[in-house]
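This is what each chain is made of:
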Amino acid sequence: MHIDLPVIWAAIIGFGVFLYVMLDGFDLGIGLIFPFFDREGEREVMLNTVAPVWDGNETWMVLGGACLYAVFPVAYSVLLPATYLPIIAMLCGLIFRGVAFEIRAKARRTQHLWDLAFIAGSGVATFAQGVILGSLLQGIDVRDGKFVGGPFDWFSPFNLFTGIGLLLTYATLGCGWLLMKTEGELQRRMAVLMRPLTLCLAVTVGIVSVWTLLGQPGVAARWLSMPNLLFFLPVPVLVLACVVGILVAVKRGAERLPFLLTLAIVFLGYSGLLISIFPNIIPPSLDIWAASAPRSSQVFTLVGAAIVIPIILTYTVLAYWVFRGKVRQGDEGYH
Amino acid sequence: MNVSDTALLLARWQFAFTVSFHIIFPAISIGLASFLAVLEGLWLKTGKVVYKELFFFWSKIFAVGFGMGVVSGVVMSYEFGTNWSGFSAFAGSVTGPLLAFEVMTAFFLEAGFLGIMLFGWTRVGPKAHFFATLMVATGTLISTFWILSSNSWMQTPQGYEVIGGRIVPVDWLKIVFNPSFPYRLVHMALAAFIVAAMLVGACAAWHLLRGRRDAGIRKSFSMALWMMLVVVPIQIAAGDAHGLNTREHQPAKIAAIEGLWETEHGGTSLNLVGWPDMENETTHYAIKVPHLGSLILTHTWDGEIQGLKSFPREDRPNSTIVFWSFRIMVGMGLLMLLLAVLGLLLRRNARLYEARWFQRFALLMGPSGLIALLAGWITTEAGRQPWVVYGVMRTRDAVSTALTVDQVGTSLMIFVMVYFLVFGTGIYYMLKLMAKGPNLPRDEAEGSSSGDTGLGRDRFDHRPLSRPTDPIDE
């Protein structure tokens, strides 16, 4: 029996990237809504909700990058040069943010500067990720497995807009997460913020979808032809249902549902992206088979992944379980 | 289409800069993680509060270092794609899977259990907590395993074929356990332990010099010096074995390290100091010791060592750089040995905690582990040039074809600014924490048992074994 390794690997990487967006999404989101919360102890509580887990969250991005490098080296060596400056910006954002996590609590005099580093770092990293996402959706010039475009190909109105879109996505995720993890006045203010964020997110998702269909005839053909349209129609319908669900849930004072529904929106948007580009790994012309590493590399790494990823998932769930429940002011947190 | 020399040079500078900054943090993390595991283990075994206090103290410094290691490491892995996509496309089929294994088996383990180690005291039992600490320490060592395997493969590649212009792995066992791997792994892991021991020792020396004599300070000073006494001689032996291995597999690197131009027959002398001149193919101002080169590098009186002139000009590493980086590393190692031995001598009459000159020496030696580590790293990496995969791929073919001087120059500038700003501040905070010292409860210093008054302790007042009546070390 022939096993189509690139397909399996595409699924694993797809899964890893989704976990990243989901997990680091809400902790980056906390940085994005940080500016709206500055009353006594609020920021500390917000940080304490993710302090024990953010490191693990970010590791999913490293996994995505490392696996892409390991099993689709051609895609890796095309995507990164093509989005050179956004990648650098993202890394710098993550540096500021990661160090701010550690130092904010220890610095008294310069705490406001580290808050700023946390906010700006989260913002820059998220925006850059959105721009990279946009570049991917829009397509990258590849010839003979090499990037042949210019250094500023990523700089387009569409990509900048997907940057904003991702900012809204993560902010909504962060807000939903805090709605779940906090209580009292802070939670009430999260509920107030959740509504406009969700509405803005819905509008943005709509604009990105239509813009993609208008700008990419190939994608439009895939979505709008019959019978695909019937198969894929649930995607936008479910997005709308989730948006309505969030608004209703917030109004009724639900604590977990808004976060879960936001995750559902992220999942739907992500599956929409995959529907649009698969089996290309770098649209419009590089598919997963052409981008693949030699079979021996894919097998070797797959053996490891098959054994280790379930273990990782187990202790990741364990870590979240250990730190379950509400975070209160004055709780044991950052040192 | 080839990238300009300037872009290549800038890309190399960028890599050297980011990797040098990065390596500082994992080295500290690897060493401190094991130290923390030892401290917690001792606390569980003996119940002495001093170990737990030291654990809390060093775990804060560990956390800052670890955070910086993670983010600076992310930069490294993406740099392979941005600046070195020629390398990624050609050799990514080997280095990629090794990196993926590092992420899967090490990074997740560290990150997953770090949260419990730092914040889980009230959420899990002491045994489960100790398990988390052990997992973090194990994770750092597994990480060392994979990254050194990858680096060693680039130094002594085997187990592959080149098919269709790129490397295809054939035998993964041979790739992972390549000829120089065991030597490098041991050398690097020991180096990390030394880095941590020197920092712990220097931190204790600082507080001793300022008049603190409490159990935590004395304990750390003593532990650090015992550690040095055991590890430094082993490290010197490991370095020697590594040298023999390098001579076998990378003779040009050895010739460059020694500043040796001609292949001498009947015994090679050693240039103690000198100034290797790449242009004129000679080493100026050389002070030679006859036969010592043969003795060290072949363990025989008249073993032959190839000179640089027996390699084509374009295959020679820069001798001026590695000659001196190597000597800095060895010099640091010898000073460390001196420190450890003096420490042993001073223990006799309990003068260890009183001899101020010795404490000043230990304080000065604080960064020596890091200096030796960086110097050693420069020696091995610059000594590999002009190859990125030794004998297989040249560095100039590894760079991204689409790379422009503007891009790499801009990003280098940004990295330099961001690194100095962010990591500079981070290091400043680590030093500040160290200068503050561990928070021993006052009663331990004064001999009374007035309860928890130390800062930060009330947060953990429900710790089962931290009763103020507990016996204090020594």
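Data block above holds the structure.
Residues numbered from 1 in each chain as written. Chains lettered and ligands numbered in written order. Predicted model: local features only at pLDDT ≥ 70, side-chain atom pairs only at ≥ 80, totals over all residues. Heavy atoms only, no water.

1. With respect to the overall build of chain A
A count of helices and strands for chain A gives 13 helices and 4 strands. On C-alpha atoms alone, chain A measures out to a radius of gyration of 20 Å, which is about the 20 Å that the 2.2 N^0.38 rule sets for 335 residues. Counting only C-alpha atoms and orienting by the principal axes, one finds that chain A spans roughly 55 × 40 × 40 Å. The buried share among the 335 residues of chain A stands at 60%. A sequence separation of at least 24 residues applies to 80% of the contacts in chain A between residues at least 6 apart. With an accessible surface of roughly 13,400 Å², chain A has 71% of that area assigned to carbon and sulfur atoms. (Helix = DSSP H or I, 4+ residues; strand = E, 2+ residues; numbered from the N terminus. Rg over C-alpha atoms; globule rule 2.2 N^0.38 Å. Buried < 20%, exposed > 50% of the residue type's maximum accessible area, 1.4 Å probe, protein only. Contact = heavy atoms within 4.5 Å. Areas by Shrake-Rupley, 256 points an atom, 1.4 Å probe, with all protein chains shown as cover.)

2. Regarding the side chain of S297 of chain A
Note on placement: S297 of chain A falls in helix α13 (residues 295-322). Discounting residues that sit within four places of it in the chain, S297 of chain A has contacts with A70 of chain A together with S93, P97, P169 and W172 of chain B.

3. Comments concerning the interface of chain B and chain A
Each partner contributes residues to the interface: chain B has 76 residues there, and chain A has 62 residues. When chain B packs against chain A, close to 6,100 Å² is buried across both sides, 75% of that on carbon and sulfur atoms. Of all residues in chain B, Y78, F108 and F119 of chain B give up the largest surface area on contact with chain A, accounting jointly for 14% of the area buried on that side. For the pair chain B and chain A, the interface holds 0 salt bridges. Inspection of the chain B/chain A interface yields 13 residue pairs in polar contact (both at pLDDT 80 or more). Elements with a contribution of two residues or more to the side of chain B that touches chain A: α2 (49-82), α3 (85-119), β2 (166-169), α5 (172-176) and α14 (405-436) of chain B. No other element matches α3 of chain B, which puts 27 residues into the side of chain B that touches chain A. In terms of residue class, the side of chain B that touches chain A is made up of 48 nonpolar, 23 polar and 5 charged. (Buried area = accessible area lost by both parts, 1.4 Å probe. Salt bridge = Lys/Arg side-chain N within 4 Å of Asp/Glu carboxyl O. Polar contact = N/O pair within 3.5 Å; in protein donor to acceptor, adjacent residues only side chain to side chain. Nonpolar A, V, L, I, M, F, W, Y, C, P; charged D, E, K, R; others polar.)

4. Describing the state of the cysteines
Residue and element names in this part refer to chain A. One pass over the structure, following the stated rule, counts 0 disulfides over all chains. Of all cysteine sulfurs in the structure, the one in C175 sits closest to C242, which takes part in no disulfide; the separation is 16 Å. Looking at C242, the relative accessible area reads 9%, which means it is buried. (Disulfide = S-S within 2.5 Å.)

5. Things to note about helix α12 (residues 368-382) of chain B
Residue and element names in this part refer to chain B. The end-to-end C-alpha distance of α12 is 21 Å, a good match for the 21 Å that 15 residues give at a rise of 1.5 Å each. Counted residue by residue, α12 has 12 buried out of 15 residues, so it is predominantly covered. Taken together, the buried positions of α12 are occupied by S368, G369, L370, A372, L373, A375, G376, W377, T379, T380, E381 and A382. Its buried side turned inward, α12 meets α1 (5-46), α4 (126-155), α6 (181-209), α8 (251-258) and α10 (319-347). (Expected span 1.5 Å × (residues − 1).)

6. Section: the packing of aromatic side chains
All names here are of chain B. With the rule as written, the count across this model stands at 52 aromatic pairs over all chains. Residues F35 and W58 carry aromatic rings whose centres are separated by 6.3 Å and whose planes lie at 75° to one another, so their mutual orientation is edge-to-face. Of this pair, F35 sits in helix α1 while W58 sits in helix α2, and the two are 23 residues apart along the sequence. Each member of the pair, F35 as well as W58, is classed as buried. (Phe/Tyr/Trp six-rings, centres within 6.5 Å; stacked < 30°, edge-to-face > 60°.)

7. Details of empty space enclosed by the protein
Following the criterion strictly, the structure yields 6 cavities of 30 Å³ or more and no others. There is about 90 Å³ of room inside the largest cavity. Together, P52, V53, G56, N57, W60, Y315, T316, A319 and Y320 of chain A together with F108, A111 and G112 of chain B line the largest cavity. Listed by contribution, the elements that provide at least two residues to the lining of the largest cavity are α3 (54-71) and α13 of chain A together with α3 of chain B. It is α13 of chain A that contributes the most residues to the lining of the largest cavity, 4 residues altogether. (1 Å grid on protein atoms, 1.4 Å probe; cavity = no way out; pocket = protein on both sides within 12 Å on 5 of 7 lines; lining within 4 Å. Points joined across faces, edges and corners; volume = space filled by probe spheres on them.)

8. Overview of the nonpolar core
I33, F72 and I282 of chain A together with W58, F87 and F423 of chain B are the most contacted members of the largest nonpolar core, which has 217 residues in total. Of the residues forming this core, the biggest block, 19 residues, is contributed by α2 of chain B. Membership of the second largest hydrophobic core comes to 31 residues, among which are M198, A205, L342 and A355 of chain B. (Core = buried A, V, L, I, M, F, W, Y, C linked by side-chain atoms within 4.5 Å.)

9. Brief notes about the pattern of salt bridges
Scanning all chains against the criterion turns up 15 salt bridges over all chains. Across the pair E255 of chain A and K326 of chain A runs a salt bridge, and its minimum N-O distance is 3.1 Å. Residue E255 of chain A is found in the loop between α11 (234-251) and α12 (257-277), and its partner K326 of chain A is found in the segment after α13; the two are separated by 71 residues along the sequence. For E255 of chain A, a relative accessible area of 33% translates into the label partly exposed. You can call K326 of chain A buried: its relative accessible area is 18%. Close ionic contact of R212 of chain B with D214 of chain B constitutes a salt bridge, the shortest N to O distance being 2.8 Å. Here R212 of chain B falls in the partly exposed class, since its relative accessible area comes to 22%. Salt bridges sharing partners connect three or more residues here, namely D38, R43, R104 and D115 of chain A.

10. Observations regarding the pairing of strand β1 (residues 160-163) of chain B
Residues and elements named next belong to chain B. Alignment of β1 against β2, held across 4 bridges, turns out to be antiparallel. Opposite I163, over in β2, you have R166 as the bridge partner. Hairpin remark: β1 followed by β2, antiparallel, with 2 residues in the connecting loop; positive phi at G164, about 60°. (Pairing = 2+ DSSP bridges.)

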